[in-house]
Amino acid sequence: MEGIARIEIQKRIDLIQIIIYMGFPKLLIEDKPRRVEELQMNVQKELNCVNRKLNIAITRISNPYGDPNILAEFIAGQLKNRVSFRKAMKKAIELTEQANTKGIQVQIAGRIDGKEIARVEWIREGRVPLQTIEAKIDYCSYTVRTIYGVLGIKIWIFVDEE
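Predicted model, so just to flag it, every value in this text is computed and none were measured.

Novice: Can you help me understand the pattern of salt bridges in this one?
Specialist: Between side chains of opposite charge, a pair can form when the charged atoms approach closely. In this structure the tally under the stated criterion is 4 salt bridges. Here Glu121 makes a salt bridge to Arg86, at a shortest N to O gap of 3.1 Å. Separated by 35 residues along the polypeptide, Glu121 in strand β5 (residues 119-126) and Arg86 in helix α4 (residues 85-98) bring together distant segments of the chain. Here Glu121 falls in the buried class, since its relative accessible area comes to 19%. Among the residues examined, Arg86 registers a relative accessible area of 37% and is labelled partly exposed. When salt bridges with common partners are traced through the structure, they connect Arg86, Arg119 and Glu121 into a single cluster.

Structure (structure tokens):
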């Protein structure tokens, strides 16, 4: 499903709490109000929890393009629509800069733009200190199937140093 940043599952003796962090929750809620109940029924069947209560909560992320998973899905959508890879990467960096991050690095590997020989292209904007342990860096690795083959997208977002 698109727009999901992360899912947290908290298990207790009598309760299973599932928190879905979404960038754009209207994708799940606005379509059909029954979709959340349908999801709850399917999860209840899968987990086979008879004596436990299941609670699903959907939380909105304040700046969705500051999350690498949502950004990777955005780039993947652009690449599937045959947008130039460099244009897609620059647009993603532009969106991330609005989410006030200190730095971003985007890397795309594979048969870029359908070329015969696979290669790796990357763009960095701002600071991305990968060698510093104290630096808080969000990372995402994402694969996208295009008509030319499989491309790998890696995104590093430098949030702040703590």
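Novice: Just to check I follow, could you spell out α4 for this structure?
Specialist: Given 3.6 residues per helical turn, the α-helix brings residues three or four places apart onto the same face. Between its terminal C-alpha atoms α4 stretches 20 Å, which fits the 20 Å expected from 14 residues at 1.5 Å a residue. Trailing α4 by a residue or two, Asn100 shows a phi angle of about 35°, which is positive.

What counts and what doesn't
Residues numbered from 1 in each chain as written. Predicted model: local features only at pLDDT ≥ 70, side-chain atom pairs only at ≥ 80, totals over all residues. Heavy atoms only, no water. Salt bridge = Lys/Arg side-chain N within 4 Å of Asp/Glu carboxyl O. Helix = DSSP H or I, 4+ residues; strand = E, 2+ residues; numbered from the N terminus. Buried < 20%, exposed > 50% of the residue type's maximum accessible area, 1.4 Å probe, protein only. Expected span 1.5 Å × (residues − 1).

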